[in-house]
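# Summary of the model geometry
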Amino acid sequence: MRADKMVVVGLLAAAFIISVPDMAVGQSRATSADHSTRGKASVMPGDPELLTFEMLTPDVDSQLFVDSFLVSLFTMDPGEVYDAYLHPDMTAALSREAFQQQVAELKDVVGPLTRVDLTYLRQKDKGYDGMDGGWTEHVLVFERDPRVQARVEFKRVGDGRWRVTHSGIRSAQLDRLQEARAAAGQAAEGTADGGEEGGDNEPPTPDSRP
C-alpha cells in the first residue's frame, strides 16, 4: 500500500513538472497574443499595414491610427493630414497654413523619415466599443536626426473615428537651429542699436544741395 502511494505521488509530481512548461507556454502565447493586438513596436514608410485617409474608420486600432498619422505627416501633404487627422479642437487653435509651415520647417531640418518607434501607449476612458482616448510616445528616426521625440494625444469624435487632439514633436536639431537664429537676431539688434547710438554723436554733414 505504501509503495502504491509512493507511485501515485510520483505520478502527480511528474504531471506537475510536465504541466509547468505547458503553463509557461500558455502564458507566453497569451502575452504574445496581447502584444500582437497592440501593433508592431516600429513601422517604416511604405509599410502596407499603414492606413490611407479613406481607411480611417471607427474600428481602426488606436496605435495603428497614430502610426499612420506620424508617417503620413512626413510623407504626404500636411494639409491633407490636417483635414483627415486633426480634432476640431486642434484645428480651432491652429490654422491649416500654420500647421503646414511647422511641418515643412521640421522636414527641412531633419530630412526624410526612416522609422517610427513606439515607446509608450496609454489608452483610457472605456465607454465606446473599445477605448475612447489616450496618448502615445514615439521616437522618430530621420536621416539627419535619429532621436526626435513625439507625443500624440487622441480621442474619438461623434462618429466614433479617432482624431488627434494634440501633437508635440521635439527635435534637437531644430532646437539648435532656432537657438542659433535667436542668437543671430539678438546680435543683429545689438549691432543696429549700437550704430544708432554712435550716429547721434557724429557731427552733422554740411548741406551740399544747391
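Residues numbered from 1 in each chain as written. Predicted model: local features only at pLDDT ≥ 70, side-chain atom pairs only at ≥ 80, totals over all residues. Heavy atoms only, no water.

So, about the overall build of the chain. Across its full length, the chain carries 6 helices and 5 strands. Along the chain, helices and strands appear, N-terminal first, in the series α-β-α-α-α-α-β-β-β-β-α. Per-residue burial over the chain gives 28% buried out of 210 residues. Once local pairs closer than 6 in sequence are excluded, the contacts in the chain between residues at least 24 apart make up 52%. For the chain, the accessible surface area stands at approximately 13,500 Å², while carbon and sulfur atoms represent 55% of it. (Helix = DSSP H or I, 4+ residues; strand = E, 2+ residues; numbered from the N terminus. Buried < 20%, exposed > 50% of the residue type's maximum accessible area, 1.4 Å probe, protein only. Contact = heavy atoms within 4.5 Å. Areas by Shrake-Rupley, 256 points an atom, 1.4 Å probe, with all protein chains shown as cover.)

What describes two packed helices is the angle between their axes and the distance between those same axes. One way to put it is that helix α3 (residues 78–85) packs onto helix α5 (residues 96–110) with a least axis distance of 9 Å and a crossing angle of 125 degrees. By the angle class used here, α3 and α5 are oblique. The two elements α3 and α5 cross, and the hand of that crossing is right-handed. Contacts between α3 and α5 involve Pro78, Gly79, Glu80, Tyr82 and Asp83 from the former and Arg96, Phe99, Gln100 and Val103 from the latter. Here the residues of the contact of α3 with α5 are counted per class, giving 4 nonpolar, 2 polar and 3 charged. (Axes fitted to C-alpha atoms, helices over the stretch in contact; angles between N-to-C directions. Parallel < 35°, antiparallel > 145°, perpendicular 65-115°, else oblique. Left-handed = near helix turned anticlockwise from the far one by under 90°. Nonpolar A, V, L, I, M, F, W, Y, C, P; charged D, E, K, R; others polar.)

With that settled, consider the pattern of salt bridges. Applying the stated criterion to the full structure yields 8 salt bridges. Arg170 is the partner of Asp175 in a salt bridge, and the nearest nitrogen-oxygen pair spans 2.3 Å. A single network of salt bridges, built from pairs that share partners, joins Glu137, Arg151 and Glu153. (Salt bridge = Lys/Arg side-chain N within 4 Å of Asp/Glu carboxyl O.)

Further remarks concern the packing of aromatic side chains. Summed over the entire model, instances satisfying the criterion amount to 7 aromatic pairs. Seen in terms of ring centroids, Phe74 and Phe142 are 4.9 Å apart; in terms of plane orientation they differ by 80 degrees. Their pairing is edge-to-face. Linking Phe74 in helix α2 (residues 62–75) with Phe142 in strand β3 (residues 133–142), this pair joins segments that are 68 residues apart in sequence. Summarising the aromatic geometry, the rings of Phe154 and Trp162 are spaced 5.2 Å apart at their centres and angled 85 degrees between planes, so their arrangement reads as edge-to-face. (Phe/Tyr/Trp six-rings, centres within 6.5 Å; stacked < 30°, edge-to-face > 60°.)

In this section: the pairing of strand β2 (residues 113–124). For strand β1 (residues 42–43) and β2, the ladder comprises 2 bridges, and the chain directions are antiparallel. Following the sheet pairing, Val43 is matched in β2 by Val116. (Pairing = 2+ DSSP bridges.)

Time to look at α2. With 14 residues, α2 extends 20 Å between its outermost C-alpha atoms, agreeing within 8% with the 20 Å of an ideal straight helix rising 1.5 Å per residue. The buried fraction of α2 amounts to 12 of the 14 residues, a majority that puts the element mostly inside the structure. All of the buried residues along α2 are Ser62, Gln63, Phe65, Val66, Asp67, Ser68, Phe69, Leu70, Val71, Ser72, Leu73 and Phe74. Taking the backbone nitrogen of Gln63 as reference, a side-chain oxygen 3.1 Å away marks Asp61 as the first, capping residue of α2. (Expected span 1.5 Å × (residues − 1). Polar contact = N/O pair within 3.5 Å; in protein donor to acceptor, adjacent residues only side chain to side chain.)

It is worth spelling out the layout of surface pockets at this point. Roughly 310 Å³ of internal volume is contained in the largest pocket. Residue lining of the largest pocket: 17 residues in total, with Gln102, Val103, Leu106, Ser167 and Ile169 positioned closest to the centre. Going through the elements one at a time, α2, α5, β5 (162–170) and α6 (172–200) are the ones with two or more residues in the lining of the largest pocket. The dominant element in the lining of the largest pocket, judged by the number of residues it contributes, is α5, at 5 residues. Classifying every residue of the lining of the largest pocket by side-chain character gives 9 nonpolar, 5 polar and 3 charged. (1 Å grid on protein atoms, 1.4 Å probe; cavity = no way out; pocket = protein on both sides within 12 Å on 5 of 7 lines; lining within 4 Å. Points joined across faces, edges and corners; volume = space filled by probe spheres on them.)

For the rest of this paragraph, the subject is the confidence of the model for the chain. Residues with a pLDDT of 70 or more make up 70% of the chain, whose mean pLDDT is 78. Across the chain, element-level confidence peaks in α3 with a mean pLDDT of 97 and bottoms out in helix α1 (residues 2–37) with 38. Across residues 5–37, where pLDDT falls below 50, the model places 1 contact with residues more than four positions away in sequence or in other chains. Predicted confidence for residues 204–210 stays below pLDDT 50, and this span has 0 contacts to residues more than four positions away or in other chains. (pLDDT = per-residue confidence, 0-100.)

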